[in-house]
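Now for the letters of each chain:
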Amino acid sequence: MKTLVTANQKGGVGKTSTLVHLAFDFVERGLRVVVIDIDTQANASYTLQNFKADCLASDLFSQNGPASKSRFASLSGNPVLIGSGALLADLERKTLTEVAPIFKSNLEALSDCGFDMCLIDTPPSLGVGLAAALFAADFVLSPIELEVYSIQGIKLMVTTISNMRKANPKLKFLGMVPSKVDARNPRHGQHLKVLHTAYKDLMIPTVVGLRSSIADALATGVPVWKIKKTAARKATKEVRALASYVYQQMEMQS
Ligand SMILES: Nc1ncnc2c1ncn2[C@@H]1O[C@H](COP(=O)(O)OP(=O)(O)OP(=O)(O)O)[C@@H](O)[C@H]1O
Ligand SMILES: [Mg+2]
């Protein structure tokens, strides 16, 4: 099982949207995918509510973790959700040293349950939950917005990831993917150019546009390619291109 985290301490930049679409796309490619929602906002849990396992993300931070094959009976055809819950808030009162090894060993147990891919959605904060996810993961992907507040936060995010790589040397930063990009907004175009110069090796070569069909998809619990609107086609193309790129970078091909 390979583990990917979507991370950015800035809120509303497309972490959950990206993660949910990767989950749907990877399942269609025949992978057995588990999604762990460690954000108390529970946005991924809302969109994937039909695919709930009978355990919660907070269980993965406790010694007697949840992994047993029977809990994940329907492994194929859909992503499996280990959802958020109120207990996750307690995590921020604990230390990373306390919870990181437990979370990591619970992920190893999940791997034994037959999953190929684990996707972890994180909150918009640099807390214990995000750090524990980065400590256990193989890959991290950062959706960004091309607005000034988001750009301001990129340095901190890149530093955080590079610091976590000292504790978890196998962690690979796949890079930043611009999300909610408005092609008609000159500011977005300028910011994209600046980022490609400043972070040449960290920019993913695809973008996801500002597409209302993506918000429609997240609200109705389906991927954007199931939205019956002409406008959903462009969004589908962009999201599929991102998923192909991530799939290749994670070397999922046999
Ligand atoms: N490409 C897009 N085009 C238009 N709207 C989008 C797009 N991607 C996401 N959205 C909408 O923007 C909002 C924020 O997206 P999302 O929840 O994926 O961001 P996030 O980084 O996970 O936010 P948070 O930090 O709060 O968890 C949501 O309401 C979502 O429906
Ligand atoms: Mg989110």
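Further up the page is the structure itself.
So, how was this worked out
- Residues numbered from 1 in each chain as written.
- Chains lettered and ligands numbered in written order.
- Predicted model: local features only at pLDDT ≥ 70, side-chain atom pairs only at ≥ 80, totals over all residues.
- Heavy atoms only, no water.
- Core = buried A, V, L, I, M, F, W, Y, C linked by side-chain atoms within 4.5 Å.
- Buried < 20%, exposed > 50% of the residue type's maximum accessible area, 1.4 Å probe, protein only.
- Helix = DSSP H or I, 4+ residues; strand = E, 2+ residues; numbered from the N terminus.
- Contact = heavy atoms within 4.5 Å.
- Near = heavy atom within 4 Å.
- Polar contact = N/O pair within 3.5 Å; in protein donor to acceptor, adjacent residues only side chain to side chain.
- Areas by Shrake-Rupley, 256 points an atom, 1.4 Å probe, with all protein chains shown as cover.
- Nonpolar A, V, L, I, M, F, W, Y, C, P; charged D, E, K, R; others polar.
- Lys, Arg positive; Asp, Glu negative; His and termini not counted.
- Salt bridge = Lys/Arg side-chain N within 4 Å of Asp/Glu carboxyl O.
- Axes fitted to C-alpha atoms, helices over the stretch in contact; angles between N-to-C directions.
- Parallel < 35°, antiparallel > 145°, perpendicular 65-115°, else oblique.
- Phe/Tyr/Trp six-rings, centres within 6.5 Å; stacked < 30°, edge-to-face > 60°.
- Lys NZ or Arg CZ within 6 Å of the ring centre and 35° of its normal.

Please clarify how the nonpolar core should be interpreted in this entry.
Side chains of nonpolar character tend, in soluble globular proteins, to be buried together. Within the largest apolar cluster, 46 residues are counted, with the highest numbers of intra-cluster contacts made by Ile 36, Phe 72, Ile 82, Phe 103, Leu 110, Ile 120 and Met 176. The dominant element in this core, judged by the number of residues it contributes, is helix 4 (residues 128–136), at seven residues. Setting aside residues up to four positions removed in sequence, Ile 36 forms contacts with Ala 57, Leu 60, Ile 82, Leu 107, Leu 110, Cys 118, Leu 119, Ile 120 and Asp 121. Membership of the second largest hydrophobic core comes to 37 residues, among which are Leu 19, Met 117, Ile 204 and Ala 243.

Help me understand the site of ligand 1 in this model?
In the neighbourhood of ligand 1, 19 residues make up the surrounding shell, with Lys 15, Thr 16, Ser 17, Gly 209 and Arg 211 lying closest. Measuring from an oxygen atom of ligand 1, one finds a side-chain N or O atom of Lys 15 at 2.7 Å. A distance of 3.0 Å separates an oxygen atom of ligand 1 from a polar atom in the side chain of Gln 41. In isolation ligand 1 offers 630 Å² of accessible surface; the protein chains occlude 81% of this area. Where the shell around ligand 1 is concerned, the elements lending two or more residues are helix 1 (15–28) and helix 7 (212–220). Looking at side-chain class alone, the shell around ligand 1 contains seven nonpolar, seven polar and five charged residues.

Help me out: how do you make sense of the side chain of Asp 39 in this one?
Its place among the elements puts Asp 39 in the loop between strand 2 (33–37) and helix 2 (43–47). The side chain of Asp 39 is buried and forms no salt bridge, while Lys 15, the nearest opposite charge, is found at 6.7 Å. Sequence-distant contacts of Asp 39, that is, excluding residues within four places in its chain, are made with Ser 84, Leu 88, Asp 121, Thr 122, Pro 123 and Pro 124.

Please clarify how the packing of helix 1 against helix 8 (residues 232–249) should be interpreted in this entry.
Two quantities define a packed helix pair, namely the angle between the helix axes and the distance between the axes. Across the interface, helix 1 lies against helix 8 with an axial gap of 10 Å and an inter-helix angle of 70 degrees. The angle between helix 1 and helix 8 falls in the class roughly perpendicular. Across from Thr 18, His 21, Leu 22, Asp 25, Phe 26 and Glu 28 in helix 1, the residues of helix 8 making contact are Val 239, Arg 240, Leu 242, Ala 243, Val 246 and Tyr 247. Here the contact of helix 1 with helix 8 is composed, by residue class, of seven nonpolar, two polar and three charged.

Is there a simple way to explain the pattern of salt bridges in this structure?
Pairs can form between side chains of opposite charge once their charged atoms are near each other. Under the criterion given, the structure shown has eleven salt bridges. One salt bridge in this structure joins Lys 170 and Asp 138, with 3.7 Å as the shortest N-O distance. Residue Lys 170 is found in the loop between helix 5 (148–167) and strand 7 (172–179), and its partner Asp 138 is found in the loop between helix 4 and strand 6 (139–145); the two are separated by 32 residues along the sequence. Several salt bridges share partner residues, and in doing so they unite Asp 25, Glu 28, Arg 29 and Arg 240 into one network.

So what exactly am I meant to see when it comes to the packing of aromatic side chains here?
The description of an aromatic ring pair rests on the distance of the ring centres and on the angle between the ring planes. If you walk through the whole model with that rule in mind, you get three aromatic pairs. Both rings, one in Phe 61 and one in Phe 103, keep their centres 4.5 Å apart while their planes meet at 5 degrees; by these two values the pair is stacked. Here Phe 103 lies in helix 3 (residues 96–112) and Phe 61 lies in the loop between strand 3 (52–56) and strand 4 (80–83), a separation of 42 residues in the sequence. Just as Phe 61 is buried, Phe 103 falls in that class too. Over the face of the ring belonging to Phe 135 we find Lys 104, whose NZ or CZ atom lies 5.5 Å from the ring centre.

Quick question: what am I supposed to make of the environment of Ala 243 here?
By the element assignment, Ala 243 lies in helix 8. Classification of Ala 243 as buried rests on a relative accessible area of 0%. Separated by 224 residues in the primary sequence, Ala 243 and Leu 19 place their C-alpha atoms 9.6 Å from one another. If near-sequence neighbours (up to four positions away) are discounted, Ala 243 is found in contact with Leu 22, Asp 25, Phe 26 and Arg 29.

All we've got here are geometric facts, nothing functional implied.
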